[in-house]
Amino acid sequence: MTVIEVLQRDQKQKEKTVPLGQAVVDLLPLLQGQCSFKVSAPLYAVPTSPLESLHPEAKGGLEVTVCTKEPLLSAAQLSNGNLLSVTLEAAYSLPEAFAATGPLQNYMACLQVPAAGEKEFSLLFKNGILKLAGEKEPLPRPKKWPLANIMAPGALNIPNSFIVGGPYEDEDGELNKREDKEFRIQAESTKRIVWDMERRCYLDPAAVVILQKCIAECQYWPMEVCGMSVASSSKGKTSKADKGDEDKQIFFHGVAYVNMVPLLCPGVKQIRGAFRVFTYQDSEVFEKTKSQHSVLRDLRTQLSLSKEGSWTPGISTPLSRAVPSKTRKEDKEKITKDKDSNRRMSNAPKIQLSDATVEAENVTYLSLDGQQYVEAGTFLVMEIKLDKALVPKRLREELTRRVKQMIPPRPPLPPRTAGAKKAVEDYHNHITSIAVAILSEYHELFGKQLPDQGAIDHQTLEEQKRQLNFELNSSGKYFAFKEQLKYAVVKIVREKYLKTTAFETQEQFQSFLSELYVYLMDEMHIALNQLLSEEAASPAPLSRTTEEQLWLFAREAEVNKDYKLASLYHQQRVAQDQRNIQYWLDYGAFCLLLEETTKAQECFQQALSLDPHHIQSLLLCGIVAVMLEHYEEAEIFFEDACCLEPSSIVAWTLSGLFYELQNNNIQAEMAFREAKKLLQAQIAQERSIPEAAEGEEGKKHISAGCVRSPSPGPGECLPEKVPDGSADKLSEVVEPALVCVAPEEEATALEAALKAPSPVSGLSRPPCTIFMKAVEFLMKVNAIQFVHRALAHELLSLQGGPSCAYYLALAQTYLLKEDLSKCEECLCEAIRIDYMNPNVWAQKGHLCYLKRDFGEAKECYERTINFVEDAADMHFVYLRLGSIYLEEKEYGRAKQTYLLACKNSASCLTWLGVGIACYRLEEMVEAEDALSEANALSNTNAEVWGYLALICLQGGRQLEAEQCYKYTVKLGLRNDALLREIRAAQQRLGFGNPPPPNTPSGKGPPRRSRPTPASRDPRST
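Residues numbered from 1 in each chain as written. Predicted model: local features only at pLDDT ≥ 70, side-chain atom pairs only at ≥ 80, totals over all residues. Heavy atoms only, no water.

**Things to note about the environment of valine 230**
Moving on, step 1. With respect to the secondary-structure elements, valine 230 resides in the loop between β11 (220–229) and α4 (240–247).
Moving on, step 2. Separated by 124 residues in sequence, valine 230 and asparagine 106 place their C-alpha atoms 6.4 Å apart. (Helix = DSSP H or I, 4+ residues; strand = E, 2+ residues; numbered from the N terminus.)

**Considering helix α30 (residues 784–797)**
Moving on, step 1. Taking 1.5 Å per residue, 14 residues should reach 20 Å; α30 reaches 20 Å between its end C-alpha atoms and fits that length.
Moving on, step 2. Across the 14 residues that make up α30, a large majority, twelve, are buried.
Moving on, step 3. For α30, the set of buried residues is Ile784, Phe786, Val787, His788, Arg789, Ala790, Leu791, Ala792, His793, Glu794, Leu795 and Ser797. (Expected span 1.5 Å × (residues − 1). Buried < 20%, exposed > 50% of the residue type's maximum accessible area, 1.4 Å probe, protein only.)

**Side note on unusual backbone geometry**
Moving on, step 1. The residue after leucine 139, namely proline 140, is reached through a cis peptide bond having omega -5°.
Moving on, step 2. Mapped onto the elements of the fold, proline 140 is located in the loop between β7 (121–131) and β8 (141–144).
Moving on, step 3. In this structure, leucine 175 takes a positive phi of about 55° despite not being glycine.
Moving on, step 4. Its identity is not glycine, yet asparagine 663 carries a phi of approximately 60°, on the positive side.
Moving on, step 5. Among the secondary structure elements, asparagine 663 is positioned in the loop between α23 (649–661) and α24 (665–688).

**With respect to a nonpolar patch on the surface**
Moving on, step 1. A surface patch of nonpolar side chains, about 260 Å² in accessible area, is lined by Val436, Leu531 and Leu532.
Moving on, step 2. Looking at where valine 436 falls in the secondary structure, it is placed in helix α13 (residues 419–446). (Patch = residues over 30% accessible without salt bridge, like charges linked within 9 Å, V, L, I, M, F, W, Y side chains within 5 Å. Areas by Shrake-Rupley, 256 points an atom, 1.4 Å probe, with all protein chains shown as cover. Salt bridge = Lys/Arg side-chain N within 4 Å of Asp/Glu carboxyl O.)

**What to know about the pattern of salt bridges**
Moving on, step 1. Counted by the stated rule, this structure contains 39 salt bridges.
Moving on, step 2. For arginine 184, the salt bridge identified is with glutamate 171, shortest N-O distance 3.1 Å. Remark: glutamate 171 occurs in the loop between β9 (157–163) and α2 (181–187) and arginine 184 occurs in helix α2; sequence separation between them is 13 residues.
Moving on, step 3. The class of arginine 184 is buried, set by a relative accessible area of 1%.
Moving on, step 4. Across the salt bridge formed by glutamate 483 and lysine 486, the nearest N and O atoms sit 3.2 Å from each other. Linking glutamate 483 with lysine 486, this pair stays in helix α15 (residues 477–495), spanning three residues, or about one helical turn.
Moving on, step 5. Classification of lysine 486 as partly exposed rests on a relative accessible area of 40%.

**Section: the pairing of strand β5 (residues 82–92)**
Moving on, step 1. In terms of burial, β5 is a largely internal element, eleven of the eleven residues being buried.
Moving on, step 2. As defined by bridge partners, β5 adjoins strand β10 (residues 192–203) across nine bridges and the pair is classed as antiparallel. When the sheet's bridge partners are listed, serine 85 is paired in β10 with arginine 200.
Moving on, step 3. Relative to strand β15 (residues 379–386), β5 is paired through eight bridges, and the arrangement is antiparallel. Among the inter-strand pairings, leucine 84 is bridged to a residue of β15, identified as leucine 386. (Pairing = 2+ DSSP bridges.)

**Some details on the packing of helix α19 (residues 581–593) against helix α20 (residues 597–610)**
Moving on, step 1. Contact geometry of α19 with α20 gives a least axis separation of 8 Å together with a crossing angle of 165°. Considering their axes alone, α19 and α20 lie roughly antiparallel with respect to each other. Here α19 and α20 pass one another in a crossing that is left-handed. Counted together, Ile581, Trp584, Leu585, Tyr587, Gly588, Ala589, Cys591 and Leu592 of α19 and Lys599, Ala600, Cys603, Phe604, Gln606, Ala607 and Leu610 of α20 form the full contact between these two elements. (Axes fitted to C-alpha atoms, helices over the stretch in contact; angles between N-to-C directions. Parallel < 35°, antiparallel > 145°, perpendicular 65-115°, else oblique. Left-handed = near helix turned anticlockwise from the far one by under 90°. Contact = heavy atoms within 4.5 Å.)

**Details of the side chain of threonine 864**
Moving on, step 1. Within the secondary structure layout, threonine 864 lies in helix α34 (residues 854–866).
Moving on, step 2. By relative accessible area, threonine 864 is classed as buried at 0%.
Moving on, step 3. Look past the residues within four positions of threonine 864 in its chain and what remains in contact with it is Pro838, Trp841, Ala842, Glu869, Ala871, Met874 and Val877.

**Side note on the sheet that holds strand β2 (residues 16–22)**
Moving on, step 1. Spatially, four strands are ordered β1-β2-β3-β4 in an open sheet, and the strand pairing comes out antiparallel. A single partner strand is all that each edge strand has here, and the edge strands are β1 (2–7) and β4 (60–67). Averaged over all pairs of adjacent strands, the angle between strand axes in this sheet comes to 40°, irrespective of strand direction.
Moving on, step 2. Note that β2 and strand β3 (residues 36–45) share two bridges and pair antiparallel. Paired with glycine 21 across the strands is alanine 45, a residue of β3.

**Observations regarding the environment of valine 624**
Moving on, step 1. You can see valine 624 is positioned in helix α21 (residues 615–627).
Moving on, step 2. When its relative accessible area of 0% is taken as the criterion, valine 624 is described as buried.
Moving on, step 3. Sequence spacing of valine 624 and alanine 634 is ten residues, and the spatial spacing of their C-alpha atoms is 7.9 Å.
Moving on, step 4. Setting aside anything within four residues of it in sequence, one finds valine 624 in contact with Leu592, Thr597, Gln601 and Phe604.

Read these as layout, nothing more, since geometry by itself doesn't imply function.
Structure, rendered in structure tokens:
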């Protein structure tokens, strides 16, 4: 907005106008949902105007009210749209050929942004200012409007918008390493081109979807930069042809490759950093960015750079023509003087864009031009900012609330005895059992003496005693009782009297025997009195390990490749309830993982015997029968499953795969057609459900892997007929799919995305084929052979190319086979297709973890946690991320991560992680609580006992330290570093390392009770 003074005119003079000042009103609130707003815009003086001579504080202002009848954007556009802001700060470390003297140049840069239409939107930055070496640009400094009709320099500054800079290490681009710091500092004080200009672009929901898709498909975007000569009208004799050629001269055509992938991370809204400038070569640009043409070349003919300019060189505006100024005239004269030198310029090669032949001849110049950029190390500093993150991040409040709910109320653990007290109780139990056995022998010899029969005389009792002793000695039972009691006595000697070494003298030995005999006799009478008093013994405490916990423990052991322990947990589940079908199926699936097909068959058949109509048991029996080449039995199982459950899509699909294996193409085609018909009916039913309930049902019927992968609509991925061919030929198609992408995939996915945007990501809701449903079932039971056959069909059935779910399932099969290279290829393809799928990032984290690339694994796991939706195996994401934090000594983050794992799936390993983190943080009370929880869940983990020993050593509790260390050694601790740490603490403190006891075989370690002092809550962690 320009304030103009109309001067009083004389009769012979025309009316004169003088611009006084300018103000800029930001209309952005109209795109933020407001219909009206009021603003006080400061008025900046135009050079040579009367306002310029006023006192600096005496600034005027314009009070402006802006209003519209209706909102510019609907509610859906406000919620799903976005605002993109790109700020180009400066170009540093310029080649020597850039000179302030010589022909006048307009330094420009351009970035293309995907739009909803066919054409992209170009963000053009013009009028860069070439500055010589000197002081660095001040920070903070205001950003500038990209406006051409500004005469007042102060009005170019955007209110309340500044370039603040920051540490180089925190930037997202290049040259952000510690070794680049010195180069950056030097470059920022040398010759540079400064723009400090911000350009904005509103993205409607469709454009947001396209933006996400474009970033996922191509991570590098080209930011072109060049210097374009500014021609002017002059009085010299210049032909029209020469003038036209000058208008088309572009100097120093370069390109910076901006990595846009960080914008796809959860919660990221801004990219700022330095990006190196390279020569613009069509082949290289196309290879990196898929861009087929130069934006600046296309826009060159649209730029009016040779016309009259305003105070800013090279810009033509109606206002500048109406209000000429002295400055503009001087610029025109300067341009005229430099016209000849412009033609003779040799140090800045140029491209004649109008003539293809000449352009070909200038390839050498172009290469030399680019070499100047590379040799000088030129780089752009720019910022790309979004109003809302493309991928939402979980709020901190929600994470805090979940952490507070981490430890639910639970009953305290029953007190468990240990040490000397346990040894005495064992002695009492042995005395009781021997007394009961002797009493049984007496009843066999003499019968039971009833109370009403009167007392037996002393002589008879002595005779019965003699006969009983003879019977016990002659039968060997007396010796057996003595041997049984021996171990209990030895334990009392070690635990109660702490005698583990030989006596020095015979007198000491006799004295100890007398003391021990008296103690043993006293305890024997106590045990016999308790037995004869007929008091009811306290019942044994129930096991606190539920079947869900056993299943979790088994899965942890499987992931850690401790298959012996996993088998033990599965057997414990079956032993708890042998009539539970799911327990048998899980055990059988574990056997398939170990390729123990016969044992798996026994498990599935046992489950089927419990319920002959159980569909999963029938299908699994059929799958195992195929593996064992019992095809007749397999056909019966599959046919029975389809008969009992005709609405099962998985049953029909597996039957089709089986018939295809038998080369029974007719039956296979029929089964597939039936499965597709059922799937189409299911999709139609889901679409008819109201939107409020659709989300609930969708989670039940569509797998997480399928829900998130963008691909064609449901109708497009269900062909009527699957191409015929043998199973071997189909399997060969799986691996080439890693590099096979149909050309129409982009257009089809884009069309589907525009029609049905997701409320979370804006991407289309993808189809779920019958084969991916079968893959989901088969992966859970480790039937890898059938998985590959189903994936081969999935590859042939999708018209738009493989989906993310396809690559994810294929990657999991390769991971099971430990083929890490192929697994990585599949995951790269899956990320390219669906970068917002937390399951893909979790799987990539597991891959990097197994490759021992812990840095990359850490990034993948952190990204997985930041997603709004959880991955399918978050438990193992937390476990492995926590272990990485422990390895990197980030104990605070490790503690929080392990606590997240404890929320819904607490196990010995999760509480062990919490305990280790707390111990390293010197939070001994919380560490002991956590380790006690871990010990209560599994008392055979040597590492838990080891850290308990360390805590007891630190607390000066000698007896408990010795007990914990004893079981640490007995259970075979494999962590050598922990063992050395324990022994060093024992040496330093002078206790805690007794000789290992001879614990009777078959006796496991005790479960350690949680410390519960009255002064604190034992569950305070």
